[in-house]
Each structure stands twice: as structure tokens, then as C-alpha cells.
Amino acid sequence: GKSVDRINELIGRLTLLRQEINVALRETDLNEVVGSVLSGFDGLPRVIIERAFGSDVPQVKIDADKIQKVVSNLISNAIDAGGDDRRITVTTAARNGWASISVADEGCGMSPEFIRHSLFRPFQTTKKKGIGIGMFLSKMVVEAHAGKIEVDSQRAKGTTFHVLLPIQKV
């Protein structure tokens, strides 16, 4: 049963590779969206997730379900990148007209070449069990929100992903 569910999920994700991503934008509290994702990771052994939510983050127009999947993917990747006693810091903030979600790990890091040429391409992965579509789909979702993803990474020191979503002025 689990194998069938996994295959169906995989087929669903692969189908998205050919489609444009449609988003249903609604005014949303970004801290609540990110917080609900983090609650799903509570209690994992040997994983410490620190929360640093900005109090100045305004409401943003997003598709909460799709942004939750992006954040969940980033956190899962951060867990996979780390060794024992993985420490991950998740931050929200408002800066220069953008609402940002940052996920930082202290893992193995990535080479500039991998980031430049492979990170956001489908079927490129450094994981033993990955298929390499999580970051590709995450980038598509963020871009469907008129946002962008920035990456800071150093080998053997860790990686920080910044998801930037536009703040609409009212």
C-alpha cells in the first residue's frame, strides 16, 4: 500500500513538470504558514529546528498550500544535508519590499558549480534516494508567486536558502 501511494505521489509530481503552476493567492500570515510546516517536523530525533520569526512581516498574497510544500522541501533537504544533531534555523523577515523565508543548515554545503548548473534542474540530485525534482518544483512555485530563491552555500559549512515573495502595497 505504501509503495502504491509513493508511486502515485511520484507520478503526480512528475506530471507537474509539464504543466504551468497555477496559484490561488490569498492574504496570508507568512509566520503562520511557516509555523504550521515546522510543527510537522517537531519531535524528530537528532534534529534541532530554531525559529526566528520576524514580528514585522506583513500579510502576503500567496497560495499557502504550495508555499508550505516549498518550505517542507527545504527543511527536508536541510535535514538530509546535516550530520548527527542537525541544527536548522528557519527565519522570516521583511526586507526591501520582499517577505523572506530563510532555511539555514550546518550541513555539507554545495559547490558553486552544482548550484549554478544543477540545483534547479529536474533529475539532478546529490541524494542516494532522491529523484531530483524537489528544488525544480520549489523554484517553479516561487516564480509562480513572482518571487525568487537565492542560495548561499559553503562546502562543509552549510547552506541557506532564501525564498523571497513580493509584498504587495495596499
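The model shown is predicted, which means the values in this text are computed figures rather than measured ones.

Participant: Would you take a moment to explain the pairing of strand S5 (residues 98-105) for this structure?
Facilitator: Looking along a regular strand, one sees the side chains alternate between the two faces of the sheet. Of all eight residues that make up S5, six are buried, and the element is covered over most of its length. Examined bridge by bridge, strand S4 (residues 86-95) and S5 share eight bridges and lie antiparallel to one another. The residue of S5 that forms the bridge with Ile88 is Asp105. Between S4 and S5, which follow one another and run antiparallel, lie two residues, and Asn96 among them has a positive phi close to 50 degrees. Both S5 and strand S7 (residues 158-166) contribute to a ladder of seven bridges, which runs antiparallel. Looking at S7, one finds that Ser102 is bridged to His162.

Participant: Honestly, the sheet that holds S7 in this entry has me stumped. Any pointers?
Facilitator: Adjacent strands of a sheet pair through backbone hydrogen bonds, lying either parallel or antiparallel. Strand order in the open sheet formed by five strands is S2-S4-S5-S7-S6, with mixed pairing between adjacent strands. One side of each edge strand has no neighbouring strand; the edge strands of this open sheet are strand S2 (47-53) and strand S6 (148-154). Each strand axis lies, on average, 15 degrees off the axis of its neighbour in the sheet, ignoring direction. Taken strand by strand, helix H2 (residues 30-39) contacts S2, S4, S5 and S7, and its axis lies near 170 degrees from that of S2. In the packing of helix H3 (residues 64-81) onto the sheet, contacts are made with S2, S4, S5 and S7, and the angle to S5 comes to roughly 25 degrees.

Participant: Can you help me understand the packing of aromatic side chains in this one?
Facilitator: How two aromatic rings sit relative to each other is given by the distance of their centres and the angle of their planes. All told, the structure shown has zero aromatic pairs when counted by the stated rule. Stacked on the ring of Phe120, the Lys or Arg Lys139 has its end atom at 5.8 Å from the ring centre.

Participant: I would appreciate a short explanation of helix H5 (residues 134-144) in the present structure.
Facilitator: One turn of an α-helix holds 3.6 residues; hence residues three or four places apart share an orientation. Taking burial as the measure, the 11 residues of H5 include eight buried ones, the bulk of the element. Gly134, Met135, Phe136, Leu137, Ser138, Met140, Val141 and Val142 are the residues of H5 that are buried. Immediately beyond the C-terminal end of H5, within one or two residues, lies Ala146, with a positive phi of roughly 65 degrees.

Participant: How do you make sense of the nonpolar core when you look at a structure like this?
Facilitator: Note that soluble globular proteins tend to have their nonpolar side chains buried in a common cluster. With 37 residues, the main nonpolar core has Leu30, Ile67, Ile75, Ile101, Phe161, Val163 and Leu165 as its most contacted residues. Broken down by secondary-structure element, the contributors of at least two residues to this core are H2, strand S3 (60-62), H3, S4, S5, H5 and S7. No other element matches H3, which puts seven residues into this core. In this view, Val163 contacts Val70, Leu74, Ala99, Ser100, Ile101, Val142, Lys148 and Ile149; residues no more than four positions away in its chain are not counted.

Participant: Please clarify how the pattern of salt bridges should be interpreted in this entry.
Facilitator: A side chain with one charge may pair with a side chain of the opposite charge, provided their charged atoms come close. Applying the stated criterion across every chain yields a total of four salt bridges. When the shortest N-O distance is used, the salt bridge between Lys66 and Asp63 registers 3.6 Å. Judged by relative accessible area, Lys66 falls into the partly exposed class, the value being 26%. Where Glu143 meets Lys139, a salt bridge forms, and the shortest distance between an N and an O atom there is 3.0 Å. With Glu143 and Lys139 both in helix H5, this residue pair falls four residues apart, about one helical turn. The exposure class assigned to Glu143 is partly exposed, which follows from its relative accessible area of 45%.

Parameters and conventions
Residues numbered from 1 in each chain as written. Predicted model: local features only at pLDDT ≥ 70, side-chain atom pairs only at ≥ 80, totals over all residues. Heavy atoms only, no water. Buried < 20%, exposed > 50% of the residue type's maximum accessible area, 1.4 Å probe, protein only. Helix = DSSP H or I, 4+ residues; strand = E, 2+ residues; numbered from the N terminus. Pairing = 2+ DSSP bridges. Axes fitted to C-alpha atoms, helices over the stretch in contact; angles between N-to-C directions. Contact = heavy atoms within 4.5 Å. Phe/Tyr/Trp six-rings, centres within 6.5 Å; stacked < 30°, edge-to-face > 60°. Lys NZ or Arg CZ within 6 Å of the ring centre and 35° of its normal. Core = buried A, V, L, I, M, F, W, Y, C linked by side-chain atoms within 4.5 Å. Salt bridge = Lys/Arg side-chain N within 4 Å of Asp/Glu carboxyl O.

Worth remembering: the numbers are spatial, not functional.
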